[in-house]
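Structural features, examined
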Amino acid sequence: MLDLRLLRSEPVQLARNLARRGYRLDLDRLTELDRRRKEQQIGVDTLRNERNTRSRAIGQAKAQGQDLAPLLAEVATLGARLAAGEQALAKLQAALDALLLDLPNLLHDSVPDGQDESANKEIRRHGEPRRFDFEAADHVAIGERLGGLDLAAAGRISGARFAVISGPLASLHRALAQFMLDLHVREHGYREAYVPLLVSRQTLTGTGQLPKFEQDLFKLARAEADSELFLIPTAEVPLTNLAGDRILEPPELPLKFVAHTACFRSEAGSYGKDTRGLIRQHQFDKVELVQVVRPAESYAALEELTGHAARVLELLDLPYRVVALCAGDIGFSSARTYDLEVWLPGQGKYREISSCSNCEAFQARRMQARWRNPESGKPEPVHTLNGSGVAVGRALVAVLENHQQADGTVIVPAVLRPYLGGIERLTPP
RNA sequence: GGAGAGGUGGCCGAGCGGUCGAAGGCGCUGGACUGGAAUUCCAGUAAUAUCCAAAAGGUAUUCGUGGGUUCGAAUCCCACCCUCUCCGCCA
């Protein structure tokens, strides 16, 4: 959520910034709504003040045994007028909230211009894509040759965009997740968290998935009551919301959480995209990093967090590049995002395996995540960051494809071997 | 699922329907005392919106959430949510 004060003080800059994303801000409507809400608020406050004053007078009169009738007559119409005013205010407030919750975050100045991913800016590369002296297979072929990747079975059980992984491949998948968790906990200073996978509408509103992107989520309806829960699309949602509705004391910051969870996305609107293999699934595992920091430190934290994710790829000996997302490609809640793209020999392309974002105060304002700024002594929004560290399914794909051998085996990266009983190589049966 | 108890400020804990944003205590902050500290004493100590150029201050809202009764609700009524205890079931 954007700061309304910014709208009042610098409306034009704000609209121009949003326009870089391709978002057309109806400034007149927003300004008018804000003005009317304020006006109505003042009106209602005045009426309430009158009611309170008169009620107090009635109380005193009663205590002194005076006749209440004339006093009661004076307030006869007050209730109705107040109720009408309150109703109008609620309506205006709801309209304003709806508009505000729909606005994406402001972009950081450093975000490159552009409409889609073709305009993303490469920041750096690490590692050389390996040269194969045989035809590199993609992960589906490798997985089936090794045994243990069964997309057909998943289709029978659940439908498209699910996978069954079994045997050593499943162990490798698990080893990847555990390696990442251990790395971030032991070397990068994150606190491991186990969190709910089902969350409320309010929680998803806090991080910005709702109200705008409901079609991307899986929702569970419960028959009794009108309660609803959503499957999380990323652990960013529960982890970031840990700071919601709190006023953190300075020594508590930064909060650094890591969690390994399943993630669920309906992938609405992605028909025909990445239909083969594990790249785009309704359910996938991810190790997620979240930081809650002092505003002045959030851009340093973004570099740090991105480095933590990159470290995973480096230790797995996977070539990757870092790209800064352009204005048109960056996510709704983010002010600046780096994607890590891993080299996939099976596709001959770099593909996203992590996305690291600084949301600045955008999510914090939505979820009331604050800290007490010692300089002002007042509660102010914190800055929140998140990044995959990294997507486990895609990491599995990358390991299989990058470390495949001519004989159909796959070399297990050294850092994973302790998690796999020391085996160095996956071998077809 | 059944039976019961309860949700009040950072925490504990009072609160006859009428200056209650809320006693008291703890914690925290500042001051006095001290060579320094402890003790003790004094004072201060919520958030949000809004008015004011800003500060000071004023006004409004907030006692789990939403609705209702009333001139007036932390206090009465209804619904829901959550926590705890016991029983049942279960990993």
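Above this text is the structure in question.
Since we're looking at a predicted model, the values are computed, not measured. (Residues numbered from 1 in each chain as written. Chains lettered and ligands numbered in written order. Predicted model: local features only at pLDDT ≥ 70, side-chain atom pairs only at ≥ 80, totals over all residues. Heavy atoms only, no water.)

1. Let's talk about the overall build of chain A
When its secondary structure is counted, chain A shows 13 helices and 18 strands. With the C-alpha coordinates aligned to their principal axes, the bounding extent of chain A is approximately 100 × 45 × 45 Å. When each of the 429 residues of chain A is scored for burial, the buried share is 48%. Relative to all contacts within chain A whose residues are 6 or more apart in sequence, the contacts with residues 24 or more apart total 73%. Carbon and sulfur atoms provide 50% of the accessible area of chain A, an area that totals close to 20800 Å². Side chains of chain A give 54 positive and 56 negative charges; the mean places of these two sets differ by 3 Å. (Helix = DSSP H or I, 4+ residues; strand = E, 2+ residues; numbered from the N terminus. Buried < 20%, exposed > 50% of the residue type's maximum accessible area, 1.4 Å probe, protein only. Contact = heavy atoms within 4.5 Å. Areas by Shrake-Rupley, 256 points an atom, 1.4 Å probe, with all protein chains shown as cover. Lys, Arg positive; Asp, Glu negative; His and termini not counted. Charge placed at Lys NZ, Arg CZ, Asp CG, Glu CD.)

2. Things to note about the pairing of strand E16 (residues 383-391)
Summarising burial for E16: nine of the nine residues are buried, a large majority. Both strand E10 (residues 283-293) and E16 contribute to a ladder of seven bridges, which runs antiparallel. By the bridge assignment for E16, Leu289 is matched with Gly387. For strand E13 (residues 349-358) and E16, the ladder comprises three bridges, and the chain directions are antiparallel. Paired with Cys356 across the bridge in E16 is Gly387. (Pairing = 2+ DSSP bridges.)

3. A short note on the sheet that holds strand E5 (residues 198-199)
On the basis of which strands lie adjacent, the open sheet formed by three strands has the order E5-E7-E6 and antiparallel pairing. The open sheet is flanked by E5 and strand E6 (219-221), the only strands paired with a single partner. Where E5 lies against strand E7 (residues 228-231), two bridges are found, and the strand directions are antiparallel. Of the residues in E7, the one forming a bridge with Leu198 is Leu231.

4. Section: the protein's contact with RNA strand B
Among the 19 residues in the neighbourhood of RNA strand B, the closest are listed as Lys38, Asp45, Ser55, Lys62 and Arg370. Within 4 Å of the protein, the contacting atoms of RNA strand B are drawn from sugar and phosphate to the extent of 75%. Measuring from a base oxygen of RNA strand B, one finds a side-chain N or O atom of Lys62 at 3.2 Å. Among the elements that make up the surface near RNA strand B, the one with the highest residue count is helix H3 (residues 27-63) (13 residues). A class-by-class count of the residues in the surface near RNA strand B yields five nonpolar, five polar and nine charged. (Near = heavy atom within 4 Å. Polar contact = N/O pair within 3.5 Å; in protein donor to acceptor, adjacent residues only side chain to side chain. Nonpolar A, V, L, I, M, F, W, Y, C, P; charged D, E, K, R; others polar.)

5. Things to note about the pairing of strand E12 (residues 336-344)
Across the nine residues of E12, nine count as buried, placing the element largely inside the fold. Burial along E12 is two-sided: the residues Arg336, Tyr338, Leu340, Val342 and Leu344 and Thr337, Asp339, Glu341 and Trp343 are all buried. In terms of strand pairing, strand E11 (residues 320-324) meets E12 through five bridges, oriented antiparallel. Note that in E12 the partner of Val322 across the bridge is Leu340.

6. Things to note about the sheet that holds E13
Read from one edge to the other, the open sheet built from eight strands follows the order E1-E11-E12-E13-E16-E10-E9-E4, with strand pairing classed as mixed. A strand with exactly one partner marks an edge of an open sheet, and here the two such strands are strand E1 (121-126) and strand E4 (191-192). Contacts from helix H8 (residues 167-186) reach E4, strand E9 (255-264), E10 and E16, with the element oriented near 165° to E9. (Axes fitted to C-alpha atoms, helices over the stretch in contact; angles between N-to-C directions.)

7. What to know about the pattern of salt bridges
As enumerated under the stated definition, the model contains 27 salt bridges in all. The salt bridge involving Arg125 is made with Glu122; its shortest N-O contact spans 2.6 Å. Ionic pairing is found between Asp274 and Arg280, a salt bridge with its closest N-O pair at 3.0 Å. Of the two residues examined, Asp274 and Arg280, each falls in the buried class. Residues participating in the shared-partner salt-bridge network are Glu122, Arg125, Arg321 and Glu341. (Salt bridge = Lys/Arg side-chain N within 4 Å of Asp/Glu carboxyl O.)

8. Quick word on a negative patch on the surface
Among the surface-exposed residues, Asp116, Glu117, Asp329 and Glu352 lie close enough to one another that they form a single negatively charged patch. Relative to the elements of secondary structure, Glu352 occurs in strand E13. Residue class for Glu352 comes out partly exposed when judged on its relative accessible area of 34%. (Patch = residues over 30% accessible without salt bridge, like charges linked within 9 Å, V, L, I, M, F, W, Y side chains within 5 Å.)

9. Thoughts on helix H13 (residues 392-402)
Of all 11 residues in H13, 11 are buried, a share of seventy percent or more. Among the residues of H13, Val392, Gly393, Arg394, Ala395, Leu396, Val397, Ala398, Val399, Leu400, Glu401 and Asn402 are the ones counted as buried.

10. Points about the packing of helix H6 (residues 139-146) against H13
At a closest axis distance of 9 Å, the pairing of H6 and H13 adopts a crossing angle of 80°. Classed by the angle they form, the pair H6 and H13 counts as roughly perpendicular. On the side of H6, the interface is formed by His139, Ile142 and Leu146, while H13 contributes Val397, Leu400 and Glu401. (Parallel < 35°, antiparallel > 145°, perpendicular 65-115°, else oblique.)

11. Examining the nonpolar core
Leu172, Leu176, Phe179, Met180, Val390, Leu400 and Leu416 are the most contacted members of the largest nonpolar core, which totals 53 residues. With nine residues, the single largest contributor to this core is H8. Ignoring any residue separated from it by four or fewer positions in sequence, one finds Leu400 in contact with His139, Ile142, Leu146, Leu169, Leu172 and Val410. Of all hydrophobic cores here, the second largest spans 18 residues; its members include Leu7, Leu18, Leu100 and Leu106. (Core = buried A, V, L, I, M, F, W, Y, C linked by side-chain atoms within 4.5 Å.)

12. Concerning the packing of aromatic side chains
Summed over all chains, the structure comprises four aromatic pairs. Seen in terms of ring centroids, Phe213 and Phe332 are 5.3 Å apart; in terms of plane orientation they differ by 80°. Their pairing is edge-to-face. One end of the pair, Phe213, is in the loop between helix H9 (201-207) and E6; the other, Phe332, is in the loop between E11 and E12, and 119 residues separate them in sequence. Ring centres 5.6 Å apart and planes at 80° place the aromatic pair Phe332 and Phe362 in the edge-to-face group. Here the residue Phe332 occupies a position in the loop between E11 and E12, and Phe362 occupies one in helix H12 (residues 362-367), the gap between them amounting to 30 residues. What makes Phe362 buried here is its relative accessible area of 1%. Feature note: the residues Phe213, Phe332 and Phe362 constitute an aromatic cluster, connected by ring pairs. Over the face of the ring belonging to Tyr190 we find Lys256, whose NZ or CZ atom lies 4.9 Å from the ring centre. (Phe/Tyr/Trp six-rings, centres within 6.5 Å; stacked < 30°, edge-to-face > 60°. Lys NZ or Arg CZ within 6 Å of the ring centre and 35° of its normal.)

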